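Chain by chain, the residues:
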Amino acid sequence: MEVNFSLTAHWINAQVTDAKLLIEMGTEKDNYLYEMDEKTLETLRYPIGRFVSPERITPEQIEDWIRQLEAMPVRYENLVAKLQENQLETPYRPGGWTVRQLVHHVADSHHNSYIRFKWGLTEENPIIKPYDEKGWANLPDSREAPIQLSLDHLRAVHAKLVFLLKSLSRAELKRSFIHPEGEVVTSLEENIGRYAWHGNHHYAHIENLLKREGWL
């Protein structure tokens, strides 16, 4: 599902401006905002829609996802490398992570994904270990560390990941792992799409914030 910002941007900007004012006025106003403006917040949370895996994943689709993963580190660097400290400390939405936390989260998440690919390739339907995303995002290296650390990390992880993915056979892409929450089985080919989406998802969080603030 794609969100057409050419049709909704004016309305969203007005709502976001109100949200900032409400946030500054205290917790009771925050609660009112979340209860009364859930549609706007859903759009802010999922600006490119939620991930939906195609019923049939083609070789062409996989190649496109891999190209997106290959280009992603440079795209992030171009988007955030020159931001000032006050900009990095701005939440992408009311109650959301800051730009700094988002950048560190993407690097952490894609590092975990890289490990999941290796588990799936070397073990039979392994049960992966999830991690506490919110807990990680509140550790000092996510709240305070320079974003260049994670930009460099993302570049290295994606270089290795893309090298690995390009070498996989169709049979290897059909291998899978199990997420313990709901015992969901995910194929490696689907996971390529999920993390292409994931990187674009958080990129859109930051890009839309910068546009709303007039920083881009």
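None of these values were measured; they are calculated from a predicted model.

Looking at the pattern of salt bridges
And then number 1: Tallied over the full model, the rule gives 11 salt bridges.
And then number 2: One salt bridge connects R50 with E42, and the closest N-O pair in it is separated by 3.0 Å.
And then number 3: Residue E89 is joined to R100 by a salt bridge in which the shortest nitrogen-to-oxygen separation is 2.6 Å. Separated by 11 residues along the polypeptide, E89 in the loop between α5 (85–88) and α6 (99–122) and R100 in helix α6 bring together distant segments of the chain.
And then number 4: Relative accessible area serves as the criterion here: at 2%, R100 is assigned to the buried category.

Thoughts on the nonpolar core
And then number 1: Membership of the largest hydrophobic core comes to 39 residues, with the highest contact counts inside it found for L69, Y76, V80, V99, L165, I192 and I206.
And then number 2: Mapped by element, the contributors of at least two residues to this core are α4 (59–80), α6, α9 (147–166) and α11 (188–213).
And then number 3: Once residues lying within four places of it in the same chain are set aside, the contact partners of L69 are H158, L161, V162, L165, I192, Y195 and A196.

Brief notes about α11
Each α-helix turn comprises 3.6 residues. Residues three or four places apart therefore point the same way.
And then number 1: Between its first and last C-alpha atoms α11 spans 38 Å; for 26 residues at 1.5 Å apiece the expected length is 38 Å, and the two agree.
And then number 2: Counted residue by residue, α11 has 21 buried out of 26 residues, so it is predominantly covered.
And then number 3: Within two residues after α11, G214 carries a phi angle of roughly 75 degrees, on the positive side.

A few points about the pairing of strand β1 (residues 176–179)
And then number 1: Burial of the side chains of β1 extends over both faces: S176 and I178 are buried on one face and F177 and H179 on the other.
And then number 2: Pairing of β1 with strand β2 (residues 184–187) involves four bridges; the strand directions are antiparallel. Across the sheet, residue S176 finds its bridge partner in β2, namely S187.
And then number 3: Adjacent in sequence and paired antiparallel, β1 and β2 are bridged by four residues, among which G182 carries a positive phi angle near 85 degrees.

Considering unusual backbone geometry
And then number 1: Positive phi outside glycine occurs at N125, with the angle close to 45 degrees.
And then number 2: With respect to the helices, strands and loops of the structure, N125 is situated in the loop between α6 and α7 (133–137).
And then number 3: Given the relative accessible area of 39%, N125 is considered partly exposed.
And then number 4: At E183, a position not held by glycine, the phi torsion is positive, near 50 degrees.
And then number 5: Looking at where E183 falls in the secondary structure, it is placed in the loop between β1 and β2.
And then number 6: Look at E183 and you get exposed, because its relative accessible area is 65%.

Conventions adopted
Sequence order as written defines the numbering, with residues in each chain counted from 1. This being a predicted model, a pLDDT of at least 70 is required before a residue's local features are given, and a value of 80 or more before pairs of side-chain atoms are given or counted; all residues contribute to the totals for chains, interfaces and linings. Water and hydrogen atoms play no part in the side-chain values, which are based on all heavy atoms of the structure. In the sections that follow, a salt bridge refers to a side-chain nitrogen of Lys or Arg positioned within 4 Å of a carboxyl oxygen of Asp or Glu. For the purposes of this entry, the term helix denotes a DSSP run of H or I that reaches at least four residues, the term strand denotes a run of E that reaches at least two, and both are numbered from the N terminus. To sort residues, take the accessible area from a 1.4 Å probe on protein chains only and compare it with the maximum for the residue type: under 20% means buried, over 50% means exposed, and anything in between is partly exposed. In this text, buried Ala, Val, Leu, Ile, Met, Phe, Trp, Tyr and Cys residues form a nonpolar core when linked through side-chain atoms within 4.5 Å. Here, residues are in contact when the closest pair of their heavy atoms is within 4.5 Å. The span one expects for a helix is its residue count, reduced by one, times 1.5 Å. Only strands that DSSP links by at least two bridges are regarded as paired with each other.

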